[in-house]
Amino acid sequence: MVHLMTGDDVDADRARLDLLGGPQTSPHYPRGWAMAGNTPFRLYKINTHAGGHTVPFIVSWPDRLAAEGGALRRQYAHVADLMPTFLELAGVEARPERRGAPAKPITGTSMATTLFSAEAADTRTEAVYEMIGHRGFYRDGWEVVTLHQPWTPFDDGEWELYDLRRDPTELTNLAATEPERTAELAAAWEQAAWATQVFPLDEGTGLKYVIRPPHTDVLRAPLTIRPGTPTLERWRSLQLVWMCGVDIRVRLDVADGDVGTLVAHGDQSGGYALYLLDGRRPVLRHNDGRGGVTELAGDPLAPGTHEVGARFDALAGNRWRLHVVVDEVDVASGPEVPMLFGMAPFEGITVGSDPRSPVSWDLYEAHRSFPFTGRIESVTYTPLDGPPDMPDDVVAMLRQMGARFD
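Given the structure is predicted, the values throughout are model-derived calculations rather than measurements.

**Observations concerning the pairing of strand β17 (residues 375–383)**
- Where strand β7 (residues 223–225) and β17 come together, three bridges link them in antiparallel fashion. Looking across to β17, one finds that Thr224 is bridged to Thr380.
- Sheet topology places strand β8 (residues 246–254) next to β17; eight bridges connect them, and they run antiparallel. What sits directly across from Arg251, in β17, is Ser378.

This is the structure:
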């Protein structure tokens, strides 16, 4: 199993092997199945070989293409060609501006003629690719491509050359026998990369995952969510807890018998949730995504208005220390748990219930989404300091590391 928080835990996987494929696990298929799924093309979705950018495209249009039913097309096309194709078929002109700002130029070319004739000429003759340092460039049936190894310099010696008209599965690398063509297409890749905002290349530091434009700083500011708000989008939710501590406060009214989810973030792949359980006990649960659930509970609440919350203090080694807070008082402090990051929590923040895949499986079995029976006024997230071992300027550090491979 691949854990969404990154890293492997073979013992945890073996202990949960019988759950594989069910709703309590989030396995990813291994490389062998990934290769089988891409057959006959080479490699996978993160690559620039054909397996990384070649996909089926099925068109059904009974009014116009009935005679073409079951026909195949071999012309080269790119996802950027879809918009101009749909515009042409609909007889619509592209808007030159949006909200007063000029629209970016359309980079694709309509492939409408391809739909109506297997003999139509290719409407696209060039395409540029880049993914996590892998590079690729297509021109008139030929493609140069690299399989870049992380933390190594970018080198023109990486280029492979394939004649896709005769070798669509890229089995015969012609770079050694056609060095001039290889150099020509490699130079064309660089020119296209500068023109299409490909640079800087990802040399393995992960810089592009942490560098953000200044206008996104607001996403790390305190946020108040009201009941009835749809589940906050996953990436937006992650900004409130990513590589930092967080203080979560729920303002609510409690009466006898009230139970349910106050706020939930994540699922069986990793997450946390704050509940009010039987006896009006505030309970915080942290699911590490590997079958480990940490619970921290406070004393029963008196009926009335309260502020119930959780605080996650960021510790060295990407760890959190959990606290349950009631009316500004720490009522319980817990052990260290792993920070959630990477692809976990996979689901965003929901106030007042835990829909879809739950953080706590036993509560889901008993109550399903477990909506809160009382009244919640609001939930406020306030990001706190990062761990003490985090560099002051992560972006600068990663830039310096990556400069070794420019």
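**Describing unusual backbone geometry**
- The omega angle of the peptide bond from Thr39 to Pro40 is 10°, so this bond is cis rather than trans.
- Within the element layout of this structure, Pro40 appears in the loop between α2 (31–38) and α3 (50–53).
- For the bond from Phe199 to Pro200, the omega torsion is 0°, close enough to zero to count as cis.
- On the secondary structure map, Pro200 appears in the loop between α7 (179–195) and α8 (207–210).
- Even without being glycine, Asp140 reaches a positive phi, approximately 50°.
- Topologically, Asp140 is positioned in the loop between β4 (134–139) and β5 (142–145).

**A short note on the pattern of salt bridges**
- Under the defined criterion, the tally for this structure stands at 23 salt bridges.
- Close ionic contact of Glu184 with Arg139 constitutes a salt bridge, the shortest N to O distance being 3.2 Å. On the criterion of sequence distance, the pair formed by Glu184 in helix α7 and Arg139 in strand β4 is long-range, its members being 45 residues apart.
- What makes Glu184 partly exposed here is its relative accessible area of 44%.
- Bridged by salt links that share partners, the residues Asp247, Arg249, Arg251, Glu307, Glu328 and Glu377 form one connected network.

Reading guide: rules and limits
In this numbering scheme, every chain counts its residues from 1 along its sequence in written order. Under the rules for a predicted model, residues below a pLDDT of 70 receive no local features and side-chain atom pairs below 80 are neither given nor counted, while totals for whole chains, interfaces and linings still include all residues. Excluded from the side-chain calculations are hydrogens and water; all other atoms, namely the structure's heavy atoms, are used. We treat two strands as partners when DSSP finds at least two bridges between them. Segments assigned H or I by DSSP are reported as helices when at least four residues long, segments assigned E as strands when at least two residues long, and all are numbered from the N terminus. Whenever a carboxyl oxygen of Asp or Glu lies within 4 Å of a side-chain nitrogen of Lys or Arg, that contact is scored as a salt bridge. Note on exposure labels: buried denotes an accessible area under 20% of the residue type's maximum, exposed denotes more than 50%, and partly exposed covers the range between, all computed with a 1.4 Å probe on protein chains only.

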